[in-house]
Amino acid sequence: MASSFLPKPFAHTYEIAPEYAKSAVYFSCEFAIDQSFKIYSGGLGFLAGSHMRAAAAMKQNLCGIGILWTYGYYNQARGEDRELAVQFRKKEYAFLQDTGIRFTVPVHGHPVWVKAMFLPGDIFNTVPMFFLSTDLEENDSLSRAITHRLYDQDHLRRIAQYIILGAGGARLLDELGIDPEVWHLNEAHGLSAAFHIYEKHRSLEEVKKRLVFTTHTPEEAGNEKHGFKLLHDFSFFGSLPEEDVRKITGIDGEEFNHSLAALRLARIANGVSKLHGEVSRHMWEGYPNICKITHVTNAQNKKYWADHGLEHARQRGDIEELKHRKRELKERLFRVVADQTGKLFKPDVLTLVWARRFAGYKRPDLIARDMKLFRELVHNNKYPIQIIWAGKPYPFDYSAIDTFNHLIRLTKDYPNATVLVGYELELSRFLKNGSDIWLNNPVVTREASGTSGMTAAMNGSVNLSTYDGWVCEFAKDGKNSFIIPPADPSLSHEDRDRHDLLGFYTAMNEKILPLYYDTPDKWNKLVLNSMNDVVPFFDADRMVDEYYKNIYA
């Protein structure tokens, strides 16, 4: 009978399923576990949180290692003129247990003290999880600040953060007296763990035997790079001499590409959608000695995300129950809208939401780039609409913050369009529960997967999307979703954006609004199709099963 690989005080609270007996550890910079636990920024964290919950539901022999960010990502509030205000506030968590484990990790040749906190699996229905912090009295102020802020803007501190996650996580496993069979890097942030393994065994084969790597980056420029000498000086490679690092990573020049090194040190890697797997293989095909790149399409944990009332209606195929519950959820969302903005939205009006991380390639402002078309849409008395934007820009991405504030100014005089702040797990849930249309319009091939539309569909919100990421494996245009037709790849950026903008307005004005108002029975059938089609494939139970069978095996 399979048993937990963790020492007794930290062991899994469930009996391990025999098909998932292999011991595995999952390294991630961020996890979105619960609204109260603010150690995540966006999609990567939402995915990792769903992975930890689904792995527990499937009784897998897996644990998670992350960082206990003292200030989290940031609190998103409003300034005096209602513009975005970034606040850094210390967080405290009574539900974490101190393991009593302390150790040092070298950062820039200087020993930094690290403590490990433990999150038992039964607190939030996850696998057992460990979170590392350097915010200790034993450390100087520079060392304490390493784990203050998720994705710190200081690139040197970022390197130190990656060392704590990777080498620190590996040291924690040593302290626990365990060596899991699988070390899973969710993105390359924890790569320094690989050098710890090599230092211990002096064998590339021993590293490859353990390491698997999930890449989320769909273009080469997005892969993190640092100067080789800088990383060496920072103790990123532990005490390994430069020639050893160059030998096992195959990196000769002055620039160290973290993802490329991960692809050479892992035995297998995966993209996060079928399309992203193809894009990744193409992107890396010119590089020798990389591991096989396959794909495991991202998914989200339905048990956590799906509203029980909507799910009950879906299972029974009860349209009346579905409509009734959807109206209740819209009213709940609109109380948040009224509280934040003073605008009173109506539950009978079609409500469109754009909500996710604010980033340039996701084009949050796309539909507002033609003000004539935008005004016609929001002033349409025959087919009224309500529009909500939400999402966190990176706190030092001033272009994304400008876009966010531009939308606040733009919507100021429209009673039926607004921007919400405080985009975290709970607001995300409210938006998915209370929207009718979930707009997703990234530049095609730039979105490795995207997952917000999955949980929207689980809650009766219909996807309107460009044809990218996970959507390519789900969408049946006009039957369970609406697709903005792909633009010709040879178009300039401006012409491509114009093409996609016009595709949005065609879909809204000619398909979605008439369907919603003129043929509500057909609309409700489409909503039900969407809810039925998104499960079980886009439920994280399938995803974590695939990781064990196709990646960890």
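Because the structure is predicted, anything quoted here is derived from the model rather than measured. All chains use their own residue numbering, which begins from 1 and follows the written sequence. Local features in this predicted model are restricted to residues whose pLDDT is 70 or higher, and side-chain atom pairs enter the listing and the counts only when it is 80 or higher, whereas totals over whole chains, interfaces and linings include all residues. Only hydrogens and water are set aside; all other atoms, that is, all heavy atoms of the structure, feed into the side-chain values.

Some remarks on the overall build of the chain
Moving on, step 1. A tally of helices and strands in the chain yields 20 helices and 19 strands.
Moving on, step 2. Note that the radius of gyration is over C-alpha atoms, with the globule rule given as 2.2 Å times the number of residues to the power 0.38. Computed over its C-alpha atoms, the radius of gyration of the chain comes to 24 Å, within 12% of the 24 Å expected for a compact globule of 553 residues.
Moving on, step 3. Seen through its principal axes, the chain has C-alpha atoms that stretch 70 × 50 × 45 Å.
Moving on, step 4. In the chain, which comprises 553 residues, the proportion classed as buried is 63%.
Moving on, step 5. Taking as baseline every contact in the chain between residues at least 6 positions apart, the subset at least 24 positions apart corresponds to 72%.
Moving on, step 6. Total accessible area on the chain is roughly 21,100 Å²; 50% of this is exposed by carbon and sulfur atoms.
Moving on, step 7. With 67 positive and 71 negative side-chain charges, the chain shows a spacing of 3 Å between the two charge centroids. Secondary structure elements are defined from DSSP: runs of H or I of at least 4 residues count as helices, runs of E of at least 2 residues count as strands, and each element is numbered from the N terminus. A simple rule labels every residue: compare its accessible area, found with a 1.4 Å probe on the protein chains alone, to the largest value its type can have, and call it buried under 20%, exposed over 50%, or partly exposed in between. In what follows, a contact means two residues having at least one pair of non-hydrogen atoms within 4.5 Å. Per-residue and other accessible areas follow the Shrake-Rupley method at a 1.4 Å probe size, with only the shown protein chains counted as cover for residues. Positive: Lys, Arg. Negative: Asp, Glu. His and the chain ends are not part of the count. Here the site of a charge means NZ on Lys, CZ on Arg, CG on Asp, or CD on Glu.

Details of the pairing of strand 14 (residues 350-355)
Moving on, step 1. Counting buried positions along strand 14 yields six of six residues, so the element is predominantly enclosed.
Moving on, step 2. Side-chain alternation along strand 14 places Leu350, Leu352 and Trp354 on one buried face and Thr351, Val353 and Ala355 on a second face that is also buried.
Moving on, step 3. Handedness of a crossover is defined as follows: with both strands directed away from the viewer, a clockwise route from the first strand across the helix to the second makes it right-handed. Chirality of the crossover, the property in question, places the unit of strand 14, helix 14 (residues 371-378) and strand 15 (residues 385-390) among those that are right-handed.

Regarding the packing of aromatic side chains
Here a ring pair, both rings aromatic, is described through the centre-centre distance and the interplanar angle of the planes.
Moving on, step 1. Only the six-membered ring of Trp is used, alongside the rings of Phe and Tyr, when aromatic pairs are assigned; centres must lie within 6.5 Å, and planes under 30 degrees apart are stacked while those over 60 apart are edge-to-face, with the rest tilted. Under the counting rule described, the total for this entry stands at 42 aromatic pairs.
Moving on, step 2. With a centroid separation of 5.0 Å and an interplanar angle of 80°, the aromatic rings of Phe95 and Phe124 are classed as edge-to-face. Highlighted residues: Phe95 in the loop between strand 4 (84-87) and strand 5 (97-107) and Phe124 in helix 2 (residues 121-124), separated in sequence by 29 residues. No difference in accessibility class separates Phe95 from Phe124, as the two residues are buried.
Moving on, step 3. With 5.9 Å between their ring centres and 15° between their planes, Tyr383 and Tyr517 make a pair best called stacked. Of this pair, Tyr383 sits in the loop between helix 14 and strand 15 while Tyr517 sits in helix 18 (residues 493-518), placing them 134 residues apart in sequence.
Moving on, step 4. Every member of this aromatic cluster is reached through a ring pair, and the members are Tyr26, Phe31, Phe37, Tyr93, Phe95, Phe124 and Phe131.
Moving on, step 5. Two conditions define a charge located above a ring, namely a distance within 6 Å from the ring centre to NZ of Lys or CZ of Arg, and an angle within 35 degrees of the ring normal. One Lys or Arg, Arg53, reaches over the ring of Tyr304 and ends 3.7 Å from the middle of that ring.

Observations concerning helix 10 (residues 274-284)
Moving on, step 1. Those residues of helix 10 lying buried are His276, Gly277, Val279, Ser280, Met283 and Trp284. Down the axis of helix 10, the smallest arc covering the buried residues is 165°, so these residues share one side.
Moving on, step 2. Where helix 10 is buried, its residues touch strand 11 (255-257), helix 9 (258-265), strand 12 (268-271) and strand 13 (292-295). Throughout, the arc means that of the directions going from the helix axis to the C-beta atoms.

Regarding the side chain of Glu187
Moving on, step 1. Turning to its location among the elements, Glu187 is positioned in the loop between strand 8 (182-186) and helix 5 (192-201).
Moving on, step 2. Salt bridge, as used here: a side-chain nitrogen of Lys or Arg that lies within 4 Å of a carboxyl oxygen of Asp or Glu. Within the buried core, Glu187 has no salt-bridge partner, and the shortest N-O distance to an opposite charge, that of Arg357, equals 9.4 Å.
Moving on, step 3. Sequence-distant contacts of Glu187, defined by excluding residues within four places in its chain, comprise Leu44, Phe213, Thr214, Thr215, His216 and Thr217.

Topic: the pairing of strand 12
Two faces make up the sheet, and in a regular strand the side chains alternate between them.
Moving on, step 1. Along strand 12, one buried face is formed by Ile268 and Asn270 and the opposite face, lined by Ala269 and Gly271, is buried too.
Moving on, step 2. Relative to strand 12, strand 9 (residues 211-214) is paired through three bridges, and the arrangement is parallel. Across the sheet, Phe213 pairs through a bridge with Ala269, a residue of strand 12.
Moving on, step 3. One bridge is not enough; two strands pair if DSSP finds at least two bridges between them. Pairing of strand 12 with strand 13, which is carried by four bridges, proceeds in the parallel orientation. By the bridge assignment for strand 13, Gly271 is matched with His295.
Moving on, step 4. Assessed by its sense of winding, the connection that carries the chain from strand 12 through helix 10 to strand 13 is right-handed.

These figures come from the coordinates and say nothing about function on their own.
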